[in-house]
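As a plain string of letters, each chain reads:
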Amino acid sequence: MKFTVNGKTVEVKAEENTPLLYVLRNDLGLVGTRFGCGGGQCGACFVMIDGRAMASCDLPMSFVMNKSITTVEGLEAKHPVQKALLAEQAAQCGYCMSGIIISATALLARNASPSEKEVKEALDKNLCRCGSHNRVVRAVMRAAREQA
Amino acid sequence: MNKPEKLPQRVRIEADGTVSIAVGKVELGQGISTALAQIAAEELGVDLSKVKVLAASTAYSPDEGVTSGSLSIQDGGKALRAACAELRGRAEKPSSEYKIVGTNAPRLDLPGKFAGRASYLQDMALPGMLHARILRPPRPFAKLVSVPDHPGLVRDGSFAGVLAEREEDAIEAAKKLRAKAVWSDGPAMPQDIYAWLKDHVAESKVAKENADPAAKARGVKRLQAEYHKPFICHASIGPSCALAWMKGDSLEVWSHTQGIFNLRKEIALVLRMPEEKVIVHHAEGAGCYGHNGADDVALDAALLARMSRGLPVRLQWTREDEFAWEPYGPAMVVGLQASLDGEGNIVSWRHDLWSNGHTHRPGRAGQPVLIAAAELAQPFERGPAVDPPLPAGGAHRNAVPGYDFPDFKVMFHYVREAPVHGSSLRSLGAFGNVFAIESFMDELANGDPVGFRLKHLKDPRGRAVVEEAVRLSNWHSFSKSEGRGHGIAYARYKNVGAYCAVVAEVEAGGAELRVTRLVAVVDVGLPVNPDGVVNQIEGGCVQATSWTLKEEWKPGTVSWEEYPILRFSEAPPVEVVVLKNSFPSLGAGECTMGPTVAAIANALHDALGVRVRELPLTAGNIAKAINA
């Protein structure tokens, strides 16, 4: 089964109904995409597919065949979102952050200068349990300013 | 801390000039590794970048007990400071000379996490590792009657799991087997947990008392009220996970437990192995906020490793497993009574608390407590949750009023029998007790919650956080309008830890209560990493807001749909002030939980004129209070 991850074409042996998440983590060693719920409810496993943030934990491989996927590892080094998150020290345990980085990156790609409200709405699909919400929103606003 | 002595291996200077520190306290996402590295760098006079914090392991780390109770800086930091000073052969630095401690050193772990590198136990792989999923009954403590045969199925009594080379195969097999497994009926869950608790008291004991009959006799007005706190989930974003590898007669376990030594003891007990044949390594998991499924999944993995023909096993609990089987923060009933004298001063106070213990951690008694121990073909009887004494306490943490009341009595009605698995959740009983005490203070305050609190509070550090919260929130110029309100609450965590006052502003006009602003002022002594403290305080305020507005575990809760938590659009802005002083450092992780819930409940009362004494403050519970 062939698809593109982070700009590279890869071939894996997996069933058509295997969720993408396990192929990324176990076959390709891309463990930055984390397991959270298995039902697309928490956002920890978000990846970008054709510019959209999508859950990979319940996304069958048949869907991603011949598509291009970006995981958190595939973002350019020192991506503005990651840089801004570091500047704001915007995490505690950090488990939800890969998914949040993907959501924020997808948002900034379609809306370069979002309002605070738009940032929050874009991140509403990502659950954070440590309560880092305010810092994350500040960081995404900062990333928007700094990439402008 | 179990052993206060300084072990020689705590600090090691390597040939390349770097320093390795072995600490017994573990990283739970609270930033403790960075803060402890700052302490070591400071005392040794080396650059922070030269300090490496080793992952804790029973193989080489000092036994510092459990990483809990906001004690890692207070105890672990103190021991590390002493060990570093000893290594240098000089006295500990006075705090006036600190150059690294007290600065906002960036967290050492965040760059890797943000880049998506392997950062968690969940990301670990061992050679030849099998993936596992566990089969558990739909109802607690039911017995497994039958399960069809399946490749990879392993079973010991009612404990059953499935092993596969590929993770998705383990998931599929578990799904299939769960659907076909037959379980006996477990005990039914009580319909009204609060009435049930009051009916099942094993022992009533005086937690603390100060009798002053003369003061009590001055009372001219008596009030009473009862408050309810439900089961609340830790609800970590990453469900619990563990790796285990049986090599001959020895076992290695990788766990995100809060206490590697206690877990080792429990595993050895249940697997009937000598303790020295078991090694437990710590690896970071998702934030846990107390005792979540970490220890249970580790025992599960150890039992599976015994049936995996020598191959290492990685057991990932599903989201459903975590919601169904994590040890919840226990439900509580708090009854309060107070007498006021002719000037409106509290002269007598009584606190009655009904609860299970909030401490059901492994490895503390001769009897195991983890779930799987009771499921084996040769089962163990699980021991009850037993709380340590005050001032830490468990259910009765912060049940002793933090005000100067001349006559008071605190009763803990301990319920031993537990309808579900419950244990320590961030702040333990303090969340329920402070909710009750600080709500009741408002009920007694006759419209002046700030003045009423200050009139009963002599401790200057306590007064300072209250006064600063009032000033910073512009309390006295708050403009009230329909459906808007503000509230204040205060507590000193455990009565001996960090001081905290919170002001909440809410809007209660629509279907749901919204928190629009939180102001938190804390005194944690000298903060080792001030921004780290602010981060913990902000996070604690937001998490406590989530518990307060939304959270209640009920039987059948297995997903985020049934257990919603606060989302980005709902998280209130939080302003934090950490008072500057050089008192000994105090833990910061838990002190906001109680003041936040009570400040929100008091703000709700200010907004709607209704006193809601049952959590969470949902539209349903608010309507119930209005119609009561």
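Because the structure is predicted, anything quoted here is derived from the model rather than measured.

1. Structural notes on the overall build of chain B
Here is step 1 of the chain: Within chain B, the regular secondary structure consists of 15 helices and 21 strands.
Here is step 2 of the chain: Over its C-alpha trace chain B gives a radius of gyration of 25 Å, about what one expects of a compact globule, namely 25 Å for 628 residues.
Here is step 3 of the chain: Projecting the C-alpha coordinates of chain B onto the three principal axes gives extents of approximately 75 × 65 × 45 Å.
Here is step 4 of the chain: Evaluated residue by residue, chain B yields a buried proportion of 63% over its 628 residues.
Here is step 5 of the chain: Taking the contacts inside chain B whose residues are at least 6 apart along the sequence as the reference set, 79% of them involve residues at least 24 apart.
Here is step 6 of the chain: Accessible area of chain B: about 22700 Å², with a carbon and sulfur share of 52%.
Here is step 7 of the chain: The positive charge centre, built from 70 side chains, and the negative charge centre, built from 74, are 2 Å apart in chain B.

2. Quick look at the overall build of chain A
Here is step 1 of the chain: If you tally the helices and strands in chain A, you get 6 helices and 5 strands.
Here is step 2 of the chain: Listing each helix as α and each strand as β along chain A from the N terminus yields β-β-α-β-β-α-β-α-α-α-α.
Here is step 3 of the chain: Seen along its three principal axes, the alpha-carbon backbone of chain A occupies a region of about 40 × 30 × 20 Å.
Here is step 4 of the chain: Relative to its full complement of 148 residues, chain A shows a buried share of 60%.
Here is step 5 of the chain: The long-range fraction of contacts in chain A, counting pairs at least 24 apart against all pairs at least 6 apart in sequence, stands at 58%.
Here is step 6 of the chain: Of note, chain A has its 18 positive side-chain charges centred 6 Å away from the centre of its 14 negative side-chain charges.

3. A word on the side chain of Ser308 of chain B
Residue and element names in this part refer to chain B.
Here is step 1 of the chain: Tracing the sequence through the fold places Ser308 in the loop between helix 8 (294-305) and strand 14 (313-316).
Here is step 2 of the chain: Here the side chain of Ser308 touches Leu311 through a polar contact of 2.6 Å, landing on its backbone oxygen.
Here is step 3 of the chain: Among residues more than four places away in sequence, those in contact with Ser308 are Leu130, Leu163 and Val313.

4. With respect to the packing of helix 3 (residues 80-87) of chain A against helix 4 (residues 97-110) of chain A
Residue and element names in this part refer to chain A.
Here is step 1 of the chain: It is at 9 Å that the axes of helix 3 and helix 4 come closest, and there the two elements cross at 125°. Between helix 3 and helix 4, the interaxial angle falls into the category oblique. Crossing handedness for the pair helix 3 and helix 4: right-handed. Residues Val81, Gln82 and Leu85 of helix 3 form the contact with helix 4, whose participating residues are Met97, Ile101, Ala104, Thr105 and Leu108.

5. Considerations on the nonpolar core
Here is step 1 of the chain: Residues Leu85 and Val136 of chain A together with Trp349, Leu513, Ile537, Trp560 and Ile600 of chain B are the most contacted members of the largest nonpolar core, which totals 158 residues.
Here is step 2 of the chain: It is helix 14 (residues 593-608) of chain B that contributes the most residues to this core, 9 residues altogether.
Here is step 3 of the chain: Among all residues touching Leu513 of chain B, those that are not within four sequence positions of it are Val506, Glu507, Ala508, Leu549, Ile600, Leu604, Leu617 and Ile622 of chain B.
Here is step 4 of the chain: Core analysis: the second largest hydrophobic core is formed by 44 residues, Val154, Met246, Leu263 and Leu271 of chain B among them.

6. A few points about the interface of chain B and chain A
Here is step 1 of the chain: Across the contact, 61 residues belong to chain B and 52 residues belong to chain A.
Here is step 2 of the chain: Summed over both partners, the interface of chain B with chain A comes to about 4400 Å²; 52% of that surface belongs to carbon and sulfur atoms.
Here is step 3 of the chain: For the pair chain B and chain A, the number of links is 7 salt bridges.
Here is step 4 of the chain: Our count for the contact surface shared by chain B and chain A stands at 33 residue pairs in polar contact (both at pLDDT 80 or more).
Here is step 5 of the chain: Going through the elements one at a time, helix 3 (110-114), strand 4 (130-135), helix 4 (167-180), strand 14 and helix 13 (530-550) of chain B are the ones with two or more residues in the side of chain B that touches chain A.
Here is step 6 of the chain: When residues in the side of chain B that touches chain A are grouped by element, the largest group, 10 residues, is from helix 13 of chain B.
Here is step 7 of the chain: Classifying every residue of the side of chain B that touches chain A gives 28 nonpolar, 17 polar and 16 charged.

7. Some details on the sheet that holds strand 4 of chain B
Residues and elements named next belong to chain B.
Here is step 1 of the chain: Ordered by their spatial adjacency, 7 strands build an open sheet running 6-7-4-14-11-12-13, and the pairing between neighbours is mixed. One side of each edge strand has no neighbouring strand; the edge strands of this open sheet are strand 6 (153-156) and strand 13 (278-282). Within the sheet, the average angular offset between the axes of one strand and its neighbour, ignoring direction, is 25°.
Here is step 2 of the chain: Here strand 4 runs beside strand 14; their pairing, made up of 3 bridges, is parallel.

8. Focus on the sheet that holds strand 20 (residues 514-523) of chain B
Residue and element names in this part refer to chain B.
Here is step 1 of the chain: Strand order across the open sheet formed by 4 strands is 18-19-20-21, with mixed pairing between neighbours. Unpaired on one side and paired on the other, strand 18 (484-492) and strand 21 (574-578) mark the two borders of the sheet. Strand-to-strand twist across the sheet, computed as the mean angle between neighbouring axes with direction ignored, equals 10°.
Here is step 2 of the chain: By the bridge criterion, 9 bridges tie strand 19 (residues 499-507) to strand 20 in an arrangement that is antiparallel. Bridge pairing in strand 20 links Val503 to Val519.
Here is step 3 of the chain: Relative to the sheet, helix 13 contacts strand 20 and strand 21, its axis offset from that of strand 21 by approximately 135°.

Rules used in this analysis
Residues numbered from 1 in each chain as written. Chains lettered and ligands numbered in written order. Predicted model: local features only at pLDDT ≥ 70, side-chain atom pairs only at ≥ 80, totals over all residues. Heavy atoms only, no water. Helix = DSSP H or I, 4+ residues; strand = E, 2+ residues; numbered from the N terminus. Rg over C-alpha atoms; globule rule 2.2 N^0.38 Å. Buried < 20%, exposed > 50% of the residue type's maximum accessible area, 1.4 Å probe, protein only. Contact = heavy atoms within 4.5 Å. Areas by Shrake-Rupley, 256 points an atom, 1.4 Å probe, with all protein chains shown as cover. Lys, Arg positive; Asp, Glu negative; His and termini not counted. Charge placed at Lys NZ, Arg CZ, Asp CG, Glu CD. Polar contact = N/O pair within 3.5 Å; in protein donor to acceptor, adjacent residues only side chain to side chain. Axes fitted to C-alpha atoms, helices over the stretch in contact; angles between N-to-C directions. Parallel < 35°, antiparallel > 145°, perpendicular 65-115°, else oblique. Left-handed = near helix turned anticlockwise from the far one by under 90°. Core = buried A, V, L, I, M, F, W, Y, C linked by side-chain atoms within 4.5 Å. Buried area = accessible area lost by both parts, 1.4 Å probe. Salt bridge = Lys/Arg side-chain N within 4 Å of Asp/Glu carboxyl O. Nonpolar A, V, L, I, M, F, W, Y, C, P; charged D, E, K, R; others polar. Pairing = 2+ DSSP bridges.

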